[in-house]
Amino acid sequence: TLPHVYDGEVTLAVIGGTGLYDLPNLRPVARLTVSTPWGFPSAPITVAKTDSGFPVAFLARHGKHHDLLPSDVPSRANIAALKHLGVKAIIAFSAVGSLQPEIKPRDFVLPTQIIDRTKGIRPSTFFEKGFVAHAMFGEPFDLKLNALIANAIPSQGFLEGFDKEDVAPTLHTKKHTNGDDDLTIICMEGPQFSTRAESKLYRSWGGSIINMSVLPEAKLAREAEIAYQMICMSTDYDSWNESEEPVTVETVVGNLKANSANACKLAAKLIDEFAEKGSEIGEDIKGSMKYAVSTSPH
Ligand code: ADE
């Protein structure tokens, strides 16, 4: 059994989505049960180390045994617990559906924008009970973290030497920081997938991919002044694509299983990259909430 305490700061966290429940390529050094004012996180947090000794916190978003629906993920506890450990940057993995023909199942996507289609039933701010603050969210992901990830992974052939040599997924990234080439993720409530009409509507809005998990996680990370980027793994074409069978759980889970070993290796590579080049990441959003609080002192 692992120690239940970890002495020292952990600056990077990985949140695993469906199909990514631990980081098997890293050496676990502690398993932490963190209590927060917002309750317990989805699962105990594992602190693991790379070969060079860099620590990273890992949290399974849907619980160790995937027993949490997207609507029930305790995102405030998750982000608060990571903040408590000293985390400055979060790389979050998620399974997504594709809304565009060029984003094939098993491709990876680094989204740059979000459209909120959750239903307002998920607690999505740390500021409440007489305390009002408005975080900037025009740029919902951290551009430096996005660039670090994009530069660490070639857009094609990034699974070379990885397990699945028969598939050649593409990493879709945005090339510019302004313009209309955003990669937009729709975040829906679920747990049911979209109707075909909804799926087509999201395409007409410019959506690239769809999931049920990026919110409120990304908003809470921003409020906690933690740099955040999601890495999306496409599992299906959602229901707009009438030439495909409508999305089923079997398709999603099948593609995810095929992807998860590769995602683990990708995560390991990105952690090394962050250890080497990530020291500045998260520095620029430090203090960003200082002037976001509207409630006057009394
Ligand atoms: N997660 C994986 N595939 C999805 C889809 N088609 N819609 C919403 N969330 C998803």
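Residues numbered from 1 in each chain as written. Predicted model: local features only at pLDDT ≥ 70, side-chain atom pairs only at ≥ 80, totals over all residues. Heavy atoms only, no water.

S.K.: Sorry, what's going on with the environment of Lys 88 here?
M.R.: Mapped onto the elements of the fold, Lys 88 is located in the loop between α1 (75-84) and β5 (89-98). When its relative accessible area of 17% is taken as the criterion, Lys 88 is described as buried. Here Glu 283 takes part through its side chain, which lies 3.0 Å from a polar atom of the side chain of Lys 88. (Helix = DSSP H or I, 4+ residues; strand = E, 2+ residues; numbered from the N terminus. Buried < 20%, exposed > 50% of the residue type's maximum accessible area, 1.4 Å probe, protein only. Polar contact = N/O pair within 3.5 Å; in protein donor to acceptor, adjacent residues only side chain to side chain.)

S.K.: I keep staring at the packing of aromatic side chains and nothing clicks. Help me out?
M.R.: Within the structure shown, the criterion is met by six aromatic pairs. Residues Tyr 202 and Trp 205 carry aromatic rings whose centres are separated by 5.5 Å and whose planes lie at 50 degrees to one another, so their mutual orientation is tilted. Relative to Trp 240, the ring of Tyr 237 has its centre 5.9 Å away and its plane inclined at 85 degrees; by these criteria the two rings are edge-to-face. Here Tyr 237 matches Trp 240 in class, with each residue buried. (Phe/Tyr/Trp six-rings, centres within 6.5 Å; stacked < 30°, edge-to-face > 60°.)

S.K.: What is the right way to look at the pattern of salt bridges in this model?
M.R.: When the charged atoms of two side chains with opposite charge come close together, those side chains can pair. Enumeration over the complete set of coordinates arrives at 13 salt bridges. One salt bridge connects Lys 200 with Glu 242, and the closest N-O pair in it is separated by 2.6 Å. Highlighted residues: Lys 200 in helix α3 (residues 196-204) and Glu 242 in the loop between β11 (227-236) and α5 (249-277), separated in sequence by 42 residues. Here Lys 200 falls in the partly exposed class, since its relative accessible area comes to 39%. Classification of Glu 242 by relative accessible area gives exposed; the value is 53%. Overlapping salt bridges bring together Arg 76, Glu 128 and Lys 129 as one network. (Salt bridge = Lys/Arg side-chain N within 4 Å of Asp/Glu carboxyl O.)

S.K.: Looking at this structure, how should I read the layout of surface pockets?
M.R.: A water-sized probe, rolled over the atoms, reveals where empty space remains. The calculated volume of the largest pocket comes to roughly 450 Å³. Lining the largest pocket are 24 residues, with Thr 18, Pro 70, Phe 193, Met 212 and Val 252 positioned closest to its centre. When contributions to the lining of the largest pocket are tallied by element, the ones reaching two or more residues are β5, β10 (207-211), β11 and α5. Classifying every residue of the lining of the largest pocket gives 14 nonpolar, eight polar and two charged. (1 Å grid on protein atoms, 1.4 Å probe; cavity = no way out; pocket = protein on both sides within 12 Å on 5 of 7 lines; lining within 4 Å. Points joined across faces, edges and corners; volume = space filled by probe spheres on them. Nonpolar A, V, L, I, M, F, W, Y, C, P; charged D, E, K, R; others polar.)

S.K.: What is the right way to read the site of the ligand from this model?
M.R.: Every residue lining the ligand is accounted for by Ala 95, Val 96, Gly 97, Met 188, Phe 193, Ile 210, Asn 211, Met 212, Thr 235, Asp 236 and Asp 238. One nitrogen or oxygen atom from the side chain of Thr 235 is found 3.5 Å from a nitrogen atom belonging to the ligand. In this structure, Asp 236 approaches the ligand through a side-chain N or O atom, which is 2.7 Å from a nitrogen atom. Look at the ligand: alone it shows 260 Å² of surface, and the protein chains cover 95% of it. Of the pockets mapped on this structure, the ligand occupies the largest pocket. At the level of elements, β5, β10 and β11 are the ones that each hand at least two residues to the shell around the ligand. A total of three residues in the shell around the ligand trace back to one element, the largest contributor, which is β5. Here the shell around the ligand is built from residues that sort into six nonpolar, three polar and two charged. (Near = heavy atom within 4 Å. Areas by Shrake-Rupley, 256 points an atom, 1.4 Å probe, with all protein chains shown as cover. Sits in = over half its atoms within 2 Å of the grid points.)

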